[in-house]
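# Structural characterization, general
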Amino acid sequence: DGKLRKPVVVWVDGCFDMMHYGHANALRQAKAMADILVVGVHSDAEILVNKGPTVMKEQERYAAVAACKWVDVVVPDAPYFTTLHVLDKFHCDFCVHGDDITTLADGTDCYQEVKDANRYRECKRTQGVSTTELVGRMLLMTKDHHKRRSSLAQSPITHFKSEELEGFSSGASKSAPYTTISHFLPTSRRIVQFSEGREPMPGDKVVYVDGDFDLFHVGHIELLRAAKAQGDYLLVGVHDDQTVNAIKGSNFPLMNLHERVLSVLACRFVDEVVIGAPFKVTKEVLEKVYKVDVVVVAKPEHDIDGADPYALPRAMGIAQRKLYEERKSACCAKETQIADEFDL
Ligand code: CTP
């Protein structure tokens, strides 16, 4: 009726370790109850005392939450116990948590105080994904995948093993390692919920970037941020599982196409996603969805057949290579860190 009402401010807190689409889905549901969503993220020290060590360091976890498109404010170093004092301090009306157990091993409930004050709401927890489960997928990987990947990088043709592709189909193949380790059932509804996309406005500069976006991390976020800064509208191509496996080999990808698409869609810099984009940046990719003005080079410039996947955008003079080296070092550093931590 035109009257000004006080905005609803909602609090969510958590560890957000190896931020995944389950976390993003909780934040999406919380934002649907809010005008302003404030997310408190616990420090490494706070989690260590209450739960155990994290995979990702706090700066990475803060950055991952900040990149989620439903988040308005990030509060670093949030206390593990959610008190009324915390809610009041950040002007939050109530807090939201997934409908899983909120009690610690000793039986204390981190949310008892806000529950008693009726300032606690629940959202639906996403089945089939958790930090522990993602770590499990990483531990199931064979140790030789690093060797194979580094040799692949030098010569994609000679080291590519055709038998690795056997049993793969465009659908979910039971014999593919990545489909047996993912327990996520993708639905079109979830993809719609995560999309909420806008179309480019007339005159908008459309940027295209593609990749695997497996185990979505800060390296990906930085790439997408930088890509978006090249124009006004960011279209992201996510390669299908078969393509990722053919390029990376072994047990990759660890997340299936639908999971990877959800992670990318949850990122605030992304406007639209091509689901299962070809490795080669084709005429279709550059014209059929939207007319692409800039292609950000984000992966090695040789396909499994040795050809340059960016040959077309390069010939058209729209390939932007500047970001590539930066991304390569950021991603390698991250992957090496994860591998070291898990002794892969
Ligand atoms: N969450 C969710 N679905 C998941 C995982 C987490 O809805 N699959 C929600 C949690 O219920 C919580 C928020 O995301 O409201 C932050 O969770 P976090 O504190 O990071 O911890 P966990 O619940 O332990 O998440 P995970 O099991 O992935 O570590």
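This text goes with the structure placed above it.
In this text the structure is predicted, and so the values were computed from the model without any measurement.

What counts and what doesn't
- Residues numbered from 1 in each chain as written.
- Predicted model: local features only at pLDDT ≥ 70, side-chain atom pairs only at ≥ 80, totals over all residues.
- Heavy atoms only, no water.
- Axes fitted to C-alpha atoms, helices over the stretch in contact; angles between N-to-C directions.
- Helix = DSSP H or I, 4+ residues; strand = E, 2+ residues; numbered from the N terminus.
- Parallel < 35°, antiparallel > 145°, perpendicular 65-115°, else oblique.
- Left-handed = near helix turned anticlockwise from the far one by under 90°.
- Contact = heavy atoms within 4.5 Å.
- Nonpolar A, V, L, I, M, F, W, Y, C, P; charged D, E, K, R; others polar.
- Near = heavy atom within 4 Å.
- Polar contact = N/O pair within 3.5 Å; in protein donor to acceptor, adjacent residues only side chain to side chain.
- Areas by Shrake-Rupley, 256 points an atom, 1.4 Å probe, with all protein chains shown as cover.
- Pairing = 2+ DSSP bridges.
- Core = buried A, V, L, I, M, F, W, Y, C linked by side-chain atoms within 4.5 Å.
- Buried < 20%, exposed > 50% of the residue type's maximum accessible area, 1.4 Å probe, protein only.
- Domains from an automatic or database assignment.
- Salt bridge = Lys/Arg side-chain N within 4 Å of Asp/Glu carboxyl O.

### Structural notes on the packing of helix α9 (residues 188–195) against helix α12 (residues 257–265)
- For the pair α9 and α12, the least separation of the axes is 9 Å and the interaxial angle reads 20 degrees. By the criterion of interaxial angle, the relationship of α9 to α12 is roughly parallel. Both α9 and α12 take part in a crossing whose hand is left-handed. Contacts from Arg190, Ile191, Phe194 and Ser195 of α9 reach α12 at His258, Leu262 and Leu265.
- When its residues are assigned to classes, the contact of α9 with α12 shows 4 nonpolar, 2 polar and 1 charged.

### Some points on the site of the ligand
- Neighbouring residues of the ligand: 16 residues in total, closest Phe16, His20, Arg125, Val129 and Thr131.
- A distance of 3.0 Å is found between an oxygen atom of the ligand and a backbone nitrogen or oxygen belonging to Gly98.
- Within the side chain of Asp100, one N or O atom sits 2.9 Å away from an oxygen atom of the ligand.
- Relative to its unbound accessible surface of 550 Å², the ligand loses 91% to contact with the protein.
- Elements represented by at least two residues in the shell around the ligand include exactly α1 (21–32) and β4 (94–98).
- The biggest single contributor to the shell around the ligand is α1, with 3 residues.

### Notes on the sheet that holds strand β9 (residues 294–296)
- Strand order in the open sheet formed by 5 strands is β8-β7-β6-β9-β10, with parallel pairing between adjacent strands. In this open sheet, the two edge strands, each paired with only one partner strand, are β8 (272–275) and β10 (319–320).
- The pairing of strand β6 (residues 206–211) with strand β7 (residues 233–238) spans 6 bridges and is parallel. Note on β7: the bridge partner recorded for Asp210 is Gly237.
- Set on the sheet, helix α10 (residues 218–228) makes contact with β6, β7 and β9; between it and β7 the angle comes to about 140 degrees.

### A few points about the nonpolar core
- In this structure, Leu27, Tyr208, Val209, Leu224, Leu234 and Val236 are the most contacted members of the largest nonpolar core, which totals 81 residues.
- Counting the residues that make up this core, at least three belong to each of domain 1 (9–123) and domain 2 (131–342).
- Val236 has contacts with Tyr208, Val209, Phe213, Leu224, Val264, Val270, Glu272, Val273 and Val274, leaving out every residue within four places of it along the chain.
- Core analysis: the second largest hydrophobic core is formed by 17 residues, Val86, Cys92, Cys95 and Val114 among them.

### What to know about the packing of α1 against α9
- Contact geometry of α1 with α9 gives a least axis separation of 11 Å together with a crossing angle of 65 degrees. In the crossing of α1 with α9, the sense of the turn from one axis to the other is left-handed. Contacts between α1 and α9 pair Tyr21, Ala24, Asn25 and Arg28 from the former with Arg190, Gln193 and Phe194 from the latter.
- Looking at side-chain class alone, the contact of α1 with α9 contains 3 nonpolar, 2 polar and 2 charged residues.

### Focus on the environment of Val218
- For Val218, the position within the fold is in helix α10.
- Residues Val218 and Glu60, 158 residues apart in the sequence, show an inter-C-alpha distance of 6.4 Å.

### A word on the sheet that holds strand β1 (residues 9–14)
- Strand order in the open sheet made by the 5 strands is β3-β2-β1-β4-β5, with parallel pairing throughout. The open sheet is flanked by β3 (73–76) and β5 (120–123), the only strands paired with a single partner. Strand-to-strand twist of the sheet, defined as the mean angle between neighbouring strand axes without regard to direction, takes the value 30 degrees.

### Looking at the pattern of salt bridges
- By the definition in use, this model includes 19 salt bridges.
- Across the pair Arg119 and Asp88 runs a salt bridge whose closest N-O atoms are separated by 2.9 Å. Placement of Arg119 in the loop between α5 (112–116) and β5 and of Asp88 in helix α4 (residues 84–89) is noted, with a sequence separation of 31 residues between them.
- Taking relative accessible area as the criterion, Asp88 reaches 45% and is therefore assigned partly exposed.
- Of the charged contacts, one joins Asp271 and Arg198 as a salt bridge, the two residues approaching to 3.5 Å between their closest N and O atoms. You can see Asp271 sitting in the loop between α12 and β8 and its partner Arg198 sitting in the loop between α9 and β6, a full 73 residues away along the chain.
- Residue Asp271 is classed as buried on the basis of its relative accessible area, which comes to 10%.
- With relative accessibility at 37%, the residue Arg198 sits in the partly exposed group.
- Within this structure, Arg198, Asp204, Lys228 and Asp271 form a network of salt bridges that share partners.

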